[in-house]
Amino acid sequence: MSTVSTRDPRVDTYIANSAEFAQPILVHLRQIVHKTCPQVEETLKWSMPAFMYHGMLCGMAAFKQHCTFGFWKHKLVVGEERDAQAMGQFGRIARLADLPSAKILASYIKKAMQLNEDGVKAPRAMPKQKPAPRVPDDLAAALKKNRKAAATFAAFSPSNQREYVEWISEAKRDETRAKRLATTIEWLAEGKIRNWKYVDC
């Protein structure tokens, strides 16, 4: 069995340069990771200590008044973050007592190891869809007078609705706004999106 150290001297330097309260926390976390996963390799990611095992496993960091520790595939390992005010999944760690027990941490590490061994990808966060835009009074009034245009607008996604609303709202002169409003109703009645000219048929 290989005895080559997987410890990175840059992590030693990082710990040594951290605040006094943070040093025992970082040393403790490092020890648990190595004890649970002897094949783990250390590196720095985003200037913070990271632990690699078949890809990114977990990482830790120290700040002025707290430390953080978290898993790359956190949602699959521990679920959602417990504290949104800090990175990682264990909130603001200011002392060893703020951490789960070594046994619990080891169980999380083993779970993260298995996920990496199995090649499971981290779930991608779905982009939050913006709500439907507020319809200006003049557009709302014009839509009431044209059923086809109103039906098209209602069936559009919020982003398609927003393109029309913003196009009308961005007009600097009343004449321009009125012209854009008329064009909007015409295009909507024909079932067209705002940028229909640029869509390949």
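Let us look at the structure shown here.

What counts, and where the lines are drawn
Residues numbered from 1 in each chain as written. Predicted model: local features only at pLDDT ≥ 70, side-chain atom pairs only at ≥ 80, totals over all residues. Heavy atoms only, no water. Helix = DSSP H or I, 4+ residues; strand = E, 2+ residues; numbered from the N terminus. Expected span 1.5 Å × (residues − 1). Buried < 20%, exposed > 50% of the residue type's maximum accessible area, 1.4 Å probe, protein only. Contact = heavy atoms within 4.5 Å. Pairing = 2+ DSSP bridges.

1. Considering helix 2 (residues 22-36)
Here is step 1 of the chain: The terminal C-alpha atoms of helix 2 lie 21 Å apart, and with 15 residues this matches the ideal 21 Å at 1.5 Å per residue to within 8%.
Here is step 2 of the chain: Residues Ala22, Ile25, Leu26, Leu29, Arg30, Ile32, Val33, His34 and Thr36 constitute the buried set of helix 2.
Here is step 3 of the chain: Elements that come into contact with the buried residues of helix 2 comprise helix 1 (9-16), strand 1 (41-45), strand 2 (48-52), strand 3 (56-62), strand 4 (67-71) and helix 4 (102-117).

2. Re the pairing of strand 4
Here is step 1 of the chain: A large share of strand 4 lies buried, amounting to five of its five residues.
Here is step 2 of the chain: Two strands pair when backbone bridges link them, and strand 3 and strand 4 are joined in this way by five bridges, in the antiparallel orientation. Among the inter-strand pairings, Met60 is bridged to a residue of strand 4, identified as Phe69.
Here is step 3 of the chain: What sits between the antiparallel neighbours strand 3 and strand 4 is a turn of four residues.

3. Describing the environment of Ala97
Here is step 1 of the chain: Structurally, the position occupied by Ala97 is in the loop between helix 3 (74-77) and helix 4.
Here is step 2 of the chain: The exposure class of Ala97 is exposed, given its relative accessible area of 59%.
Here is step 3 of the chain: On a C-alpha basis, the gap between Ala97 and Ile25 in space is 9.5 Å, while along the polypeptide they are 72 residues apart.

4. Overview of the pairing of strand 3
Here is step 1 of the chain: Burial runs high along strand 3: seven of the seven residues are buried.
Here is step 2 of the chain: Taken together, the three bridges between strand 2 and strand 3 define a ladder with antiparallel strand orientation. Bridging across to strand 3, Phe51 finds its partner in Cys58.
Here is step 3 of the chain: In sequence, strand 2 turns back onto strand 3 through a hairpin of three residues, with His54 there showing a positive phi of about 55°.

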